[in-house]
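Results of the structural survey
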Amino acid sequence: MTTSSSATAIQFEGVNKFFGRFQAVKDLNLEIREGEFFSLLGPSGCGKTTSLRMLAGFEEADSGCILLRGSDVTSAPPNKRPVNMVFQHYELFPHMTVFGNVAYGLRLKKVRDPELSRRVQEMLRVVRVDGLEGRGARQLSGGQQQRVALARALVNRPAVLLLDEPLSALDVKLRKQMQIELKSIQHQLGTTFVYVTHDQEEALLMSDRIGIMNQGRLLQVGTPREIYGRPADAFVADFVGSLNAFDLRVDEVSGGRAVMRLADGEHVAVALEGAVAAPASTIRVAIRPERIRVTEAQAAGADTGAPGASRVGGVVTAVDYVGSLTTYRIETALGLIAAQEANDTLAPDLVVGDRVVLSWAPDAAFVLPPSIVEG
Amino acid sequence: MAGGSGRPLTAGVRAERGRLLVSIAQLTPALAYFALFYVGPLLVLVYISFLTFRNFQFVEPLSFNNYANVVTSETFRVLFSRTVLLSLLSAVLAIAIAYPFTYIITFVFPGRSRSLYFLILVALFGGYLVRIYAWRTILGVEGVINGTLMTLGVIEEPIREILNGPFAVVVSMVNFLVPLAVLPIYAAMQNVSPGVIEAARDLGSSRLQVTRRVILPLVLPGVLVAFAFCFIAAAGDFAIPALLGGVESPFIGNQIQFQIGQTSNWPLAAAMATTLIALVVLIVAGVALVARRVIR
Ligand SMILES: Nc1ncnc2c1ncn2[C@@H]1O[C@H](COP(=O)(O)OP(=O)(O)OP(=O)(O)O)[C@@H](O)[C@H]1O
Ligand SMILES: [Mg+2]
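Residues numbered from 1 in each chain as written. Chains lettered and ligands numbered in written order. Predicted model: local features only at pLDDT ≥ 70, side-chain atom pairs only at ≥ 80, totals over all residues. Heavy atoms only, no water.

**Focus on the sheet that holds strand β16 (residues 293-296) of chain A**
All names here are of chain A.
- Strand order in the open sheet made by the five strands is β16-β20-β17-β18-β19, with antiparallel pairing throughout. This sheet does not close on itself; its edge strands, each paired only once, are β16 and β19 (335-342). Averaged over all adjacent pairs, the angle separating strand axes in this sheet is 45 degrees, with direction ignored.
- As paired elements, strand β17 (residues 310-321) and strand β18 (residues 325-332) share seven bridges and run antiparallel to each other. Looking across to β18, one finds that V319 is bridged to Y328. (Pairing = 2+ DSSP bridges. Helix = DSSP H or I, 4+ residues; strand = E, 2+ residues; numbered from the N terminus. Axes fitted to C-alpha atoms, helices over the stretch in contact; angles between N-to-C directions.)

In structure tokens form, the structure reads like this:
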């Protein structure tokens with residue numbers, strides 16, 4: 001879901017950042033829209049925090065510029081930018097109460113009492129810690145500190161809220177709950193959120209758009225569906241969700257599809273979607289495990305699947321049961337392939353050694369572009 | 001305590017008591033040491049201060065006579081005021097130097113703070129008397145300051161008042177106290193998380209506002225400890241006033257030394273010492289109270 005207004009909140013233009021001789025951010029070009037929930041996703045050390053800190057004013061870009069609502073803030077100090085940050089370790093002021101923490105920014109802006117109290121209380125209600133305003137910051141649970149840190153930033157009505165892995169210190173259950181809440185708070189207030197995480201599920205769940213980074217470079221920007229469904233390169237594909245990749249020998253190109261004929265008479269096909277594939281060459285093809293149907297070999301004969309569906313036979317070598325899902329590992333002519341089935345009433349009851357047929361719809365597989373960055 | 005009131009102890013209270021007993025047990029060696037080497041001598045001192053000095057002996061009956069002597073004597077009152085005022089001044093100056101120094105080594109050059117801190121420690125453990133004598137040569141009639149001023153033609157005669165007066169006492173005292181002040185302030189500043197400072201900046205504080213609203217309140221306990229260290233050390237000192245203060249500016253410590261060494265009047269010396277301790281404790285407590293009010 002993208003916002004209808006196309007106003008730009010943030011622009012990175014050719015931003016580079018070095019620490020000594022090490023380049024942490026490489027030629028970053030990025031536009032983030034007003035009111036958007038934007039996530040920067042990538043593995044540890046890829047430069048997410050550095051990018052966020054350049055937005056907040058804690059690091060200065062070595063070259064390029066950063067625009068906030070059109071004005072250049074590349075070298076503005078942190079206190080002169082209309083952005084606020086939620087830190088990974090919250091960083092509440094330990095010598096102040098919850099109220100004092102949340103009121104801090106407003107007091108600096110000379111907001112006086114009836115309004116000050118009203119706005120602080122209102123924000124404490126939004127993040128659901130009303131009633132704790134007299135508590136010392138040291139006497140809060142992790143989840144409460146998290147909420148207070150959020151209120152302390154949001155109460156200033158920043159143009160952009162920056163969040164650096166704000167949920168990483170919480171336990172799984174609380175994290176899931178806060179993901180939903182954060183998303184709904186963002187929706188309610190309409191503030192632009194820039195959210196840093198290395199958790200791909202979190203990014204897919206919460207974001208309007210996601211930027212994927214690796215080794216200081218932004219590889220792809222898109223909606224969760226675009227990123228997951230049509231990753232720009234092998235790294236993105238592998239980082240966002242799990243993936244099967246195999247080499248497809250191009251025996252035939254027809255109707256925008258490359259087809260590989262298998263020894264048993266079946267075939268495997270991939271939509272080229274603009275990619276080029278010369279006959280007799282080999283291309284790299286990927287498919288998500290959950291897009292693959294697994295059928296017992298005897299039953300498979302009758303089920304021809306959709307017209308043009310790819311089919312390949314194999315033997316089950318492992319069954320990983322995780323409650324709602326089961327992942328099968330299957331040895332095929334294409335190599336070892338993982339397929340995921342929901343454990344509903346139609347789930348096949350397979351054990352290691354069973355002969356199966358894998359099948360998938362024509363648009364399920366995609367050509368995997370070579371990596372943009374080695375690594 | 002509440003056990004006899006008929007209400008059964010909750011598990012929580014019992015656990016609390018158990019923990020208290022354990023922690024007392026763990027503390028026993030420290031408490032014993034403290035009692036033996038600090039509280040004991042202090043009690044002896046207080047006891048002696050109530051004795052009577054007669055024919056170079058201290059005998060019972062116990063009385064307040066020594067204290068009456070201390071409080072009413074004009075000489076002693078002058079000594080006490082000078083001791084307290086110069087010590088306060090030295091402690092405040094020492095903190096005024098130590099605070100920015102520590103601030104700079106912690107927040108401006110965080111990479112170098114350990115080595116700079118080590119340098120300060122070396123200064124602290126460098127010879128105390130040696131440093132006092134060094135100040136004599138710097139401040140003396142033929143010292144570095146007078147020498148320089150005469151060479152430059154600023155003065156024709158050496159200034160005698162530099163040495164042997166309150167100025168020399170305070171300068172040397174501050175030099176002696178600065179490392180003592182750096183120690184607790186440094187420890188307190190180490191506990192200020194850099195993230196908290198960034199949060200304050202992010203919320204709109206200038207660097208100065210961060211210092212005033214975040215760093216100072218968080219470091220205040222360390223500053224108060226520094227003040228207590230410095231003030232106590234200064235008020236109890238007698239070597240610096242003896243060697244640099246001349247005949248004009250002795251401290252109460254010099255009088256105590258005189259009463260013990262020359263006249264052997266231990267009870268009077270003990271009364272002076274006890275009065276000094278009480279005075280110092282009151283002033284430190286007062287300063288702490290006021291500081292906590294002002295800096296929040
Ligand atoms: N102050 C610094 N001095 C030197 N190198 C730094 C500094 N800050 C970051 N780096 C380096 O820059 C790279 C990017 O760091 P950054 O903190 O942006 O990573 P990240 O994507 O946030 O990773 P994580 O998910 O682990 O937080 C890392 O290799 C890191 O070692
Ligand atoms: Mg990071």
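**Considering the side chain of E202(A)**
Residues and elements named next belong to chain A.
- Note on placement: E202 falls in helix α6 (residues 200-206).
- With no salt bridge to any partner, buried E202 finds its closest opposite charge in R175, at an N-O distance of 4.3 Å.
- Within the structure, the side chain of E202 is placed 2.8 Å from the side chain of Q179, a separation counted as a polar contact.
- The residues touching E202, leaving out its near neighbours within four places in the chain, are L167, R175, Q179, Y195 and T197. (Buried < 20%, exposed > 50% of the residue type's maximum accessible area, 1.4 Å probe, protein only. Lys, Arg positive; Asp, Glu negative; His and termini not counted. Salt bridge = Lys/Arg side-chain N within 4 Å of Asp/Glu carboxyl O. Polar contact = N/O pair within 3.5 Å; in protein donor to acceptor, adjacent residues only side chain to side chain. Contact = heavy atoms within 4.5 Å.)

**Brief notes about the site of ligand 1**
Residue and element names in this part refer to chain A.
- Around ligand 1, the neighbouring residues are F19, F22, A24, S44, G45, C46, G47, K48, T49, T50, E165 and H198.
- Taking G45, its main chain carries an N or O atom lying 2.7 Å from an oxygen atom of ligand 1.
- Within the contact set of ligand 1, an oxygen atom lies 3.0 Å away from a backbone nitrogen or oxygen of G47.
- Bound to the protein, ligand 1 loses 60% of the 630 Å² it would expose on its own.
- Listing elements by their share of the shell around ligand 1, those giving two or more residues are β2 (22-33) and α1 (48-56).
- Top contributing element to the shell around ligand 1 by residue count: α1, with three residues.
- Tallied by class, the residues present in the shell around ligand 1 amount to four nonpolar, six polar and two charged. (Near = heavy atom within 4 Å. Areas by Shrake-Rupley, 256 points an atom, 1.4 Å probe, with all protein chains shown as cover. Nonpolar A, V, L, I, M, F, W, Y, C, P; charged D, E, K, R; others polar.)

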